[in-house]
Amino acid sequence: MAAAVSAVGAMTEVIRVSKAKTMMELEKELNSASNILKDFCDSLSVASGCDLFTRFVIRTSADYRDFEECKRKLIEKGQLYLKQSEQGRNKIAQLASGFIRDGMTVLTHGYSQVVMGVFMKAISEGKRFNVIVTESRPLEIGTQTAKTLQEIAGAGEAHPLPPTNPTTPF
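Residues numbered from 1 in each chain as written. Predicted model: local features only at pLDDT ≥ 70, side-chain atom pairs only at ≥ 80, totals over all residues. Heavy atoms only, no water.

Participant: I'm lost on the side chain of Thr-108 in this one. Help?
Facilitator: Its location among the elements puts Thr-108 in strand β1 (residues 105–109). When its relative accessible area of 10% is taken as the criterion, Thr-108 is described as buried. Ignoring sequence-local partners within four residues, the contact set of Thr-108 consists of Val-115, Phe-119, Val-131, Ile-132, Val-133, Thr-134 and Thr-145. (Helix = DSSP H or I, 4+ residues; strand = E, 2+ residues; numbered from the N terminus. Buried < 20%, exposed > 50% of the residue type's maximum accessible area, 1.4 Å probe, protein only. Contact = heavy atoms within 4.5 Å.)

Written out as structure tokens, the structure reads:
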């Protein structure tokens, strides 16, 4: 699950277990949870997911007079978002796997759950293809991608491309 989607899931869970009796109390709890998530995972997508969800909660709260009904609706919307995100990734994998053909070589950079889903779908369809995975530093995400692909395919060797010195002329 993508980091922003996970953040929305965590924030939805905060609403579900909240003992807040007012919107102001709930907003404080969400801001506290948001800060914890942002501190734990220094990621723009986590920060954006938390901030957008908090804004959504504040705006939606004006639509309901009953606070408990508002919380129920917010939980429903959060869970619906999680479900639709998963369905969207699956739909993309289903449609995009059609672009991968036997014997094809695909170049990828970084790590994306959506792209991995496309590769997994193509492999499950029996397609055999090569993937060139570039390395990105300092997080070595290319290595993570290569290892994941090896686990999915169950065969082959992972060889991330060596890092390129940006000052080296081509």
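Following the structure, the description resumes.
Participant: For this particular structure, what's the right way to read the nonpolar core?
Facilitator: Burial of nonpolar side chains together is a common tendency in soluble globular proteins. Met-11, Ile-15, Leu-26, Leu-30, Phe-53, Val-57 and Leu-74 are the most contacted members of the largest nonpolar core, which totals 18 residues. For this core, the elements supplying multiple residues, two or more each, are α1 (3–17), α2 (23–40), α3 (44–61) and α4 (67–96). Sequence-distant contacts of Met-11, defined by excluding residues within four places in its chain, comprise Leu-30, Ala-33, Ser-34, Leu-37, Cys-50, Phe-53 and Thr-54. Judged by nonpolar contacts, the second largest core, of ten residues, contains Val-106, Met-116, Phe-129 and Val-133. (Core = buried A, V, L, I, M, F, W, Y, C linked by side-chain atoms within 4.5 Å.)

Participant: What exactly am I supposed to notice about the environment of Ile-152 here?
Facilitator: Inspection of the secondary structure puts Ile-152 in helix α6 (residues 141–153). With a relative accessible area of 26%, Ile-152 lands in the partly exposed category. Taking C-alpha positions, Ile-152 is 14 Å from Val-114, a pair spaced 38 residues apart along the chain.

Participant: Looking at this structure, how should I read the pattern of salt bridges?
Facilitator: One pass over the structure, following the stated rule, counts five salt bridges. A salt bridge links Glu-76 to Lys-73; the nearest nitrogen and oxygen atoms lie 3.9 Å apart. Here Glu-76 pairs with Lys-73, and both are found in helix α4, just three residues apart, close to one helical turn. Looking at Glu-76, the relative accessible area reads 45%, which means it is partly exposed. As a salt-bridge pair, Lys-121 and Glu-125 come within 3.9 Å of each other at their nearest N and O atoms. (Salt bridge = Lys/Arg side-chain N within 4 Å of Asp/Glu carboxyl O.)

Function-wise, these values are silent; they only describe arrangement.
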